[in-house]
Protein chains: 2
Amino acid sequence: MSSKDSGNNVHTAQNAVLDALAKGKRKKLRKLARSMHPGKLASLLEALDSQQRQAVWQEVADEREQAVLRHLDPQLAALLQRDAEAVGSELDAGGEQVFTHTGNVREALAAGKLKRVGKVFRSMHPAKAAGLLEALPPDERSTVWQTLDTERAARVLVHLHEEVRAKLALEMDEDRLLTAARTLALDDLVDLIQALPTGPGRQLLLSMDEIKRQQLVAMLAYPEDSAGGLMNTDHISVRADIKAGSILRYLRLLEDLPDQTDKVMVVDRKNRYQGVLRLSRLVTTAADTKISEVMDTDFAALPVTMTSLEVARQFEDLDMLSAAVVNDEGELLGRITVDDVVDIIREDSERTLMNMAGLDDEADMFAPILTSTRRRSVWLGVNLITAFLAASVIGQFQASLEQIVALAVLMPIVASMGGIAGSQTLTLVIRGMALGQVETGNFRVLLVKEVGIAVLNGMLWATVIAALAIVWFGSWAIGGIIAMAICINLLCAALAGLSIPMILKRFGIDPALAGSMVLMAVTDVIGFSAFLGLATLILL
Amino acid sequence: MSSKDSGNNVHTAQNAVLDALAKGKRKKLRKLARSMHPGKLASLLEALDSQQRQAVWQEVADEREQAVLRHLDPQLAALLQRDAEAVGSELDAGGEQVFTHTGNVREALAAGKLKRVGKVFRSMHPAKAAGLLEALPPDERSTVWQTLDTERAARVLVHLHEEVRAKLALEMDEDRLLTAARTLALDDLVDLIQALPTGPGRQLLLSMDEIKRQQLVAMLAYPEDSAGGLMNTDHISVRADIKAGSILRYLRLLEDLPDQTDKVMVVDRKNRYQGVLRLSRLVTTAADTKISEVMDTDFAALPVTMTSLEVARQFEDLDMLSAAVVNDEGELLGRITVDDVVDIIREDSERTLMNMAGLDDEADMFAPILTSTRRRSVWLGVNLITAFLAASVIGQFQASLEQIVALAVLMPIVASMGGIAGSQTLTLVIRGMALGQVETGNFRVLLVKEVGIAVLNGMLWATVIAALAIVWFGSWAIGGIIAMAICINLLCAALAGLSIPMILKRFGIDPALAGSMVLMAVTDVIGFSAFLGLATLILL
């Protein structure tokens, strides 16, 4: 082995490596390992203790492993190789399964097996890798992120939630981010730029070549949640007067078509949308048939200003795989594919769920504690206002409460039953509104139905609760009063559950976001005032 | 006109018509209008008063209109025709838009313009028609349903929610339902049979021809929410040793491919799945290339037992348009297309939303009041138990409440703040679990984070609430007590929000269904006991 002839140079590098090791600078370590000659690296490895050696080895790029091993002491080489082979066989035996559990990944990371984790992440589908990354705490996430090569990192970025996407993109070197961005499809690139803060986003945009930049600027002009924000410009368009055979010859020249191509768009001389030619139709058409004879004209193109929720609804209703996007003049601008629509549907449902608890659906599960605290405290503050409103109602009846303490014991029951009944109506209406099925046209029918249910359930549960209250406190009067209060509150809850989302929507507020809080305020206030008010009237 | 020569026959028919009119039997009326000679029908129309005439005219099939009009008194014909033309011009002027609002449909129905409504429903896409039908109250829904022809009815059935689907299917004549069912794709037919009660479902199954019945029985054997329950058997499969040109010739013989065909499946001699050939690849391949050279083998087939949620996740992650389904031996059984996956994603999100309020996501918005009352009362009953639990906690502190009534006023604030904070954690965890991102592996990290947020938000809001309480009741002691109670409850809420869904999941209970109710019970009980307990200890 040649550890003697390397002299000063090795020692400088060795010191740098030891320094990086001590400070835990993995990225620096990786750079050093990449720049050193395999022989020098091998002698360095031999000089380290076993723990340091393992740590440095984790940073050696896969393609350099063999070269380094050749320079190593055979015993040591065998030792390090065993580790590499173990990873190999794990990968063969369905490596993905082994690492789909966050726990395994974190264990491997804690044991310093970064190399192993990196390999598994690279063998995974980008979407799975993105999901797994999000499930890791921020520091471990960054560690794994550094092991991914640029192209793969780009593909993983696309699948991340917005907040995590921005954070990891900003963790990349400028060059690396730029290289990664260049490999992305236009619509994904638009998403990335929109996720980034203005400065870095602008920089990324400016670094693109002229043509791409112009396309990007055009796409960025459309709102993120519109057809324009969703579309891609990788469609293939043909003219209606061509024959099927010519199109097949033309497509063969392209060798491979863009992902998710199920149809080509048919346009006129001025690029105005005429219809579509499905590939499944093209392959069953004789070569001398004109496109105009086999194209579908009943697929309406989507206007570029259509909202993404309408786009999703259209895809769902018409079972489309892709659709053309046109401007006001009917000119073909791009196409939307079903994979993006699937994401919208998923995001939309996540948003409703998260908003109902006052959470941001794009937020990182592991956002810093201070950030999360600030975000969530807004919602708690709003709730505090409604809670003090309810408390002030109770405050009006302090005299009654002082005399009959049973009222204080029972009053939460009235409020809670109203809250649950109201939220059932509210949820039904929110879902119905999302499906476009609840509107002024059938409001009265729904009203009759919900009031009917409230009356029936009110009578049922008023009876049960009254009986329990009578047994508990031995007072028929209290039983009667709580029964009346329950009936009143369930009735008001139905009315509130029905009208609150309609009113919020009219004011342009998302019913899923504010609905349940407003409802709770109403059912609390009415529950407490009905129960305590009736008690004051009747008992005092 | 020939009202004299028709004799007894007309009178019998006329009586039948008048009888059907009087009893509002529209279906009978339509049958009569269909079976009568146009001339007889015309003379009958002339004999009726204008209201009756309008009602009968609504039931005359479109294709018979002209024949009947020819026999009518010209003045009368002009009158009825004006109506028909009005409908025509409305349809031309974007008929769908006119009727997308439930209100317009209901107005038209109320005005007896059934014919008009029927025409618009027939011009609409089945999915839109289904949505609009669900937005109508049950009796109007039935009326419109009767106007749809059998084939269209079949296509609308597919898009309805389960409860409405079963109800409307059972409203059809047996023959009509059977004819409708025959036009459906196998997977849709399976859905229909599963939606129907056992008796009619079985009858429908038995009425299919031998081959279809066997396929159906095989598909019905798989759970509704598995890959087997989702798949269709209309795939096209080819062998790997064939050349691209031969496949193109073979496909041309088929003339048109099944809907949503983006690829053909490649199998071996024993029908074992080998890979896929995308049409977008086929059209760019030279005719003499072997399939084995251009097929994709990295699309893994889905096992027939995979759950539908896993199938959806796979489609989302891999941006697939369709996927092969195989049995344990690797034999190709069918394929799943992305349109069905989109439905699953939508249904899954609806289910979470509805379950969180204790509602059934497949239920009809206009189910009979008694049915809805019964369903919802279950949830109210469960809530009553938790409400009485909270009340019994308060009951323990009656002595304290009697002495310091301010406690009764403030106690709902403590419970409510805990409930909101807890539901934020709960929702985050439920979402994370749905994405597969929350598990034992990162539980501790999440725990640290959520506890941190709870401590910070607890301190913030405890201070605010304490200040307000001190100002309100002029007692520093009460301020201190409520501050401590808020901190305790927010901390417990975070722990509960984190652990309840994990525990429920371990017991196989859907966290979205029971999570928020259990959480509310915990935050109520802890909120009340912390606040009242501390007050009793300190103040008394």
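Computed from a predicted structure; not experimentally measured.

Engineer: Tell me about the state of the cysteines, residues and numbers included.
Structural biologist: Residues and elements named next belong to chain B. Following the criterion strictly, the structure yields zero disulfides over all chains and no others. With no disulfide of its own, Cys487 has Cys492 as its nearest cysteine by sulfur position, at a separation of 11 Å. Given a relative accessible area of 29%, Cys487 falls into the partly exposed group.

Engineer: Could you give an account of the interface of chain A and chain B, with specific residues and numbers?
Structural biologist: Taken together, the contact between chain A and chain B spans 121 residues of the former and 121 residues of the latter. Across the interface of chain A and chain B, roughly 10900 Å² is buried in total on both sides, 66% from carbon and sulfur atoms. Counting the surface chain A buries against chain B, the share from its top three residues, Met365, Arg376 and Arg431 of chain A, is 7%. Counting across the chain A and chain B interface gives eight salt bridges. A salt bridge links Glu350 of chain A to Arg431 of chain B, with the nearest nitrogen and oxygen atoms 2.7 Å apart. In this structure, the connection of chain A to chain B is made through 32 residue pairs in polar contact (both at pLDDT 80 or more). For the side of chain A that touches chain B, the element with the most residues is helix α27 (residues 440-473) of chain A, which contributes 18 residues.

Engineer: Break down the packing of helix α13 (residues 162-171) of chain B against helix α15 (residues 186-195) of chain B for me, with residues and values.
Structural biologist: Residue and element names in this part refer to chain B. For the pair α13 and α15, the least separation of the axes is 9 Å and the interaxial angle reads 85°. One element, α13, and the other, α15, form an angle in the roughly perpendicular class. Facing α13, whose interface residues are Glu162, Arg165, Ala166 and Ala169, α15 presents Asp191, Leu192 and Ala195. For the contact of α13 with α15, the residue count by class is four nonpolar, no polar and three charged.

Engineer: Account for the domain arrangement of chain A, with residues named and values stated.
Structural biologist: Partitioning chain A into structural domains gives domain 1 (7-225), domain 2 (237-339) and domain 3 (369-539). Averaged C-alpha coordinates put domain 1 of chain A and domain 2 of chain A at centres separated by 39 Å.

Engineer: Requested: an account of the side chain of Asp296 of chain B, with residues and values cited.
Structural biologist: Residue and element names in this part refer to chain B. Mapped onto the elements of the fold, Asp296 is located in the loop between α21 (291-294) and β4 (302-303). Separated by 2.8 Å, the side chains of Asp296 and Arg278 make a polar contact. Aside from chain neighbours lying at most four places away, what touches Asp296 is Gly275, Val276 and Arg278.

Engineer: Could you give an account of empty space enclosed by the protein, with specific residues and numbers?
Structural biologist: Using the criterion set out here, one finds 12 cavities of 30 Å³ or more in the structure. Here the largest cavity defines a volume of roughly 1100 Å³. If you trace the largest cavity, you find 43 residues lining it, with Gly419, Ile420 and Met520 of chain A together with Ile420 and Met520 of chain B closest to the centre. Among the secondary structure elements, those contributing two or more residues to the lining of the largest cavity are α23 (338-356), α24 (369-395), α26 (406-434) and α29 (511-539) of chain A together with α23 (338-356), α24 (369-395), α26 (406-434) and α29 (511-539) of chain B. Partitioning the lining of the largest cavity into residue classes produces 27 nonpolar, 14 polar and two charged.

Engineer: Please provide a residue-by-residue account of the UniProt feature "transmembrane region" (unreviewed entry) in chain A, values included.
Structural biologist: All names here are of chain A. Following the UniProt record, one finds the feature "transmembrane region" (unreviewed entry) at residues 378-398, 404-430, 451-472, 478-500 and 512-539. For residues 378-398, the end-to-end C-alpha separation is 30 Å, with 90% helix and 0% strand making up the annotated structure. A distance of 31 Å separates the end C-alpha atoms of residues 478-500, which is 100% helix and 0% strand.

Engineer: Describe the pairing of strand β3 (residues 273-278) of chain B, listing the residues and the values that go with them.
Structural biologist: Residues and elements named next belong to chain B. In terms of burial, β3 is a largely internal element, five of the six residues being buried. Sheet topology places strand β2 (residues 263-267) next to β3; five bridges connect them, and they run antiparallel. What sits directly across from Lys263, in β3, is Arg278. Taking the residues that link successive antiparallel strands as the turn, the β2-β3 hairpin has five residues, and the phi of Asn271 there is positive, at about 65°.

Engineer: I'd like to hear about the sheet that holds strand β1 (residues 237-239) of chain A, residue by residue, with values.
Structural biologist: All names here are of chain A. Across the sheet, which stays open at both edges, the three strands sit in the order β1-β2-β3 with mixed pairing between neighbours. With partners counted over all chains shown, the strands left at the sheet margins are β1 and β3 (273-278), one partner each. Direction aside, the axes of adjacent strands within the sheet are offset by 35° on average.

Engineer: So what's going on with the sheet that holds strand β6 (residues 332-337) of chain B? Residues and values would help.
Structural biologist: Read from one edge to the other, the open sheet built from three strands follows the order β4-β5-β6 (chain B), with strand pairing classed as mixed. Sheet topology places β4 and β6 of chain B at the edges, where each strand pairs with a single neighbour.

Engineer: Talk me through the relation of the copies chain A and chain B; I want residue IDs and the actual numbers.
Structural biologist: Screw-axis analysis of chain A against chain B gives a translation of 0.0 Å along the axis, an RMSD of 0.2 Å, and a rotation angle of 180°. Taken together, the turn and the small shift mark the pair as related by a two-fold rotation axis. Both copies contact each other with a shared surface, as 100% of the interface residues of chain A are interface residues in chain B too.

Engineer: Which residues make up a positive patch on the surface, and what are the values?
Structural biologist: Residue and element names in this part refer to chain A. Taken together, Lys25, Lys28, Lys31 and Arg34 make up a surface patch of like positive charges. Along the polypeptide, Lys25 turns up in the loop between α1 (7-23) and α2 (26-35). By relative accessible area, which is 46% here, Lys25 ends up partly exposed.

Engineer: Requested: an account of the confidence of the model for chain A, with residues and values cited.
Structural biologist: Residues and elements named next belong to chain A. When pLDDT is averaged along chain A, the result is 86; 94% of the residues meet or exceed 70. No element of chain A has a lower mean pLDDT than helix α7 (residues 95-99), at 44, and none a higher one than helix α28 (residues 476-506), at 96. Segment residues 1-8: pLDDT under 50, and five contacts once partners within four positions in sequence are set aside and those in other chains are kept. Within the model, pLDDT remains below 50 along residues 87-99, and this stretch shows 23 contacts once partners closer than five positions in the same chain are excluded. Interface predicted TM-score (ipTM) for the complex: 0.79; the corresponding pTM is 0.79.

Engineer: Quick one: what's the story with the environment of Ser377 of chain B, residue by residue and with numbers?
Structural biologist: Relative to the assigned elements, Ser377 of chain B resides in helix α24. Look at Ser377 of chain B and you get buried, because its relative accessible area is 11%. Residues Ser377 of chain B and Leu41 of chain B, spaced 336 residues apart in sequence, show a C-alpha to C-alpha distance of 52 Å. Discounting chain neighbours no more than four positions away, the residues touching Ser377 of chain B are Asn457, Leu460 and Trp461 of chain A.

Engineer: Please provide a residue-by-residue account of the nonpolar core, values included.
Structural biologist: Within soluble globular proteins, side chains that are nonpolar generally end up buried alongside one another. In terms of nonpolar packing, the biggest core is built from 120 residues, with Phe121 and Ile336 of chain A together with Phe121 and Ile336 of chain B touching the most fellow members. Beyond its immediate chain neighbours, meaning those up to four positions away, Phe121 of chain A contacts Val105, Ala129, Leu132, Leu133, Leu136, Val144, Leu148 and Arg152 of chain A. Counting 88 residues, the second-largest nonpolar core is a separate cluster that includes Ile394 and Ala421 of chain A together with Ala462 and Ile465 of chain B.

Engineer: For the packing of aromatic side chains, give the residues involved together with the corresponding values.
Structural biologist: Applying the stated criterion across every chain yields a total of four aromatic pairs over all chains. Summarising the aromatic geometry, the rings of Phe388 of chain A and Trp472 of chain B are spaced 6.1 Å apart at their centres and angled 40° between planes, so their arrangement reads as tilted. Of this pair, Phe388 of chain A sits in helix α24 while Trp472 of chain B sits in helix α27 (residues 443-473), placing the two residues on different chains. On the basis of relative accessibility, which here comes to 14%, the residue Phe388 of chain A falls in the buried class. Connected via pairs of aromatic rings, a cluster forms that spans Phe388 of chain A together with Trp472 and Phe473 of chain B.

Engineer: Go over the pattern of salt bridges with me, naming the residues and quoting the values.
Structural biologist: Any two side chains of opposite charge can pair if their charged atoms end up close together. Per the counting criterion, the structure on display carries 28 salt bridges over all chains. The partner of Glu316 of chain A in a salt bridge is Arg346 of chain B, with the nearest N and O atoms 2.7 Å apart. Taken together, the residues Glu316 of chain A in helix α22 (residues 308-318) and Arg346 of chain B in helix α23 connect one chain to another. Here Glu316 of chain A and Arg346 of chain B have matching classes, each one buried. Among the charged side chains, a network of salt bridges with common partners joins Glu316, Asp348 and Arg351 of chain A together with Arg346 of chain B.

Engineer: Summarise the environment of Leu456 of chain B; cite the residues concerned and give the values.
Structural biologist: Position of Leu456 of chain B among the secondary structure elements: in helix α27. With relative accessibility at 29%, the residue Leu456 of chain B sits in the partly exposed group. In the structure, Leu456 of chain B is positioned 35 residues away from Leu491 of chain B in sequence and 9.9 Å away in space, judged by C-alpha atoms. The residues touching Leu456 of chain B, leaving out its near neighbours within four places in the chain, are Ile369, Leu370 and Thr373 of chain A.

The rules behind these values
- Per chain, residue numbering runs from 1 following the sequence as it is written.
- For this description, chains carry letters from A and ligands carry numbers from 1, given in the order in which they are written.
- Totals for whole chains, interfaces and linings use all residues, but because this is a predicted model, local features are given only for residues with pLDDT of at least 70 and pairs of side-chain atoms are given and counted only at 80 or more.
- Side-chain measures here rest on the full set of heavy atoms in the structure, leaving out hydrogens and waters.
- Any cysteine sulfur atom paired with another within 2.5 Å is treated as part of a disulfide.
- For every residue, the accessible area (1.4 Å probe, protein chains only) is compared with the maximum for its type, and the residue is labelled buried under 20%, exposed over 50%, or partly exposed between those bounds.
- Throughout, a residue-residue contact means that at least one pair of heavy atoms, one from each residue, lies within 4.5 Å.
- The buried area of a pairing is the accessible area, by a 1.4 Å probe, that goes missing from both parts when the two are put together, added over both.
- The salt bridge definition used is simple: a Lys or Arg side-chain nitrogen within 4 Å of an Asp or Glu carboxyl oxygen.
- The term polar contact refers here to a pair of N or O atoms within 3.5 Å; inside protein, the definition further demands a hydrogen-donor-capable atom paired with an acceptor-capable atom, and it admits residues adjacent in sequence only when both atoms are side-chain atoms.
- A run of DSSP states H or I qualifies as a helix once it reaches four residues; a run of E qualifies as a strand once it reaches two. Both are numbered from the N-terminal end.
- Axis definition: a line fit to C-alpha positions, over the contact stretch in the case of helices; interaxial angles, taken between N-to-C directions, run 0 to 180 degrees.
- Just so you know how the angles are binned, under 35 degrees is roughly parallel, over 145 roughly antiparallel, 65 to 115 roughly perpendicular, and the rest oblique.
- Just so you know the grouping, Ala, Val, Leu, Ile, Met, Phe, Trp, Tyr, Cys and Pro go in nonpolar, Asp, Glu, Lys and Arg go in charged, and all remaining residues, Gly too, go in polar.
- Either an automatic procedure or a domain database provided the assignment from which the domain bounds are taken.
- Cavities and pockets were defined on a 1 Å grid built over protein atoms only: a cavity is a set of grid points that admits a 1.4 Å probe from which the probe cannot escape, a pocket is an open set flanked by protein on both sides within 12 Å along at least five of seven lines, and lining residues are those with an atom within 4 Å of any such point.
- Grid points are joined across faces, edges and corners, and a volume is the space filled by probe spheres set on the points.
- UniProt positions are given in the numbering used here, feature names are shortened, and annotations may be inferred rather than shown by experiment.
- Two strands qualify as a pair provided DSSP detects at least 2 bridges between them.
- Least-squares fitting of one copy onto the other uses the C-alpha atoms of those residues that reach a pLDDT of at least 70 in both copies.
- Residues forming no salt bridge and having over 30% relative accessible area are the ones grouped into patches, like charges within 9 Å of each other and nonpolar side chains (Val, Leu, Ile, Met, Phe, Trp, Tyr) within 5 Å.
- Working definition of accessibility: Shrake-Rupley area with a 1.4 Å probe, residue cover restricted to the visible protein chains.
- His is not counted, nor are the chain ends; Lys and Arg add positive charge and Asp and Glu add negative charge.
- For this purpose, a charge sits on NZ of Lys, CZ of Arg, CG of Asp or CD of Glu.
- The pLDDT score gives, residue by residue, the confidence of the prediction method on a 0 to 100 scale.
- What we call a nonpolar core is a set of buried Ala, Val, Leu, Ile, Met, Phe, Trp, Tyr and Cys residues that are connected through their side-chain atoms within 4.5 Å.
- For Phe, Tyr and Trp, rings pair up if their centres lie within 6.5 Å, where Trp contributes its six-membered ring, and each pair is then called stacked (planes under 30 degrees apart), edge-to-face (over 60) or tilted (otherwise).

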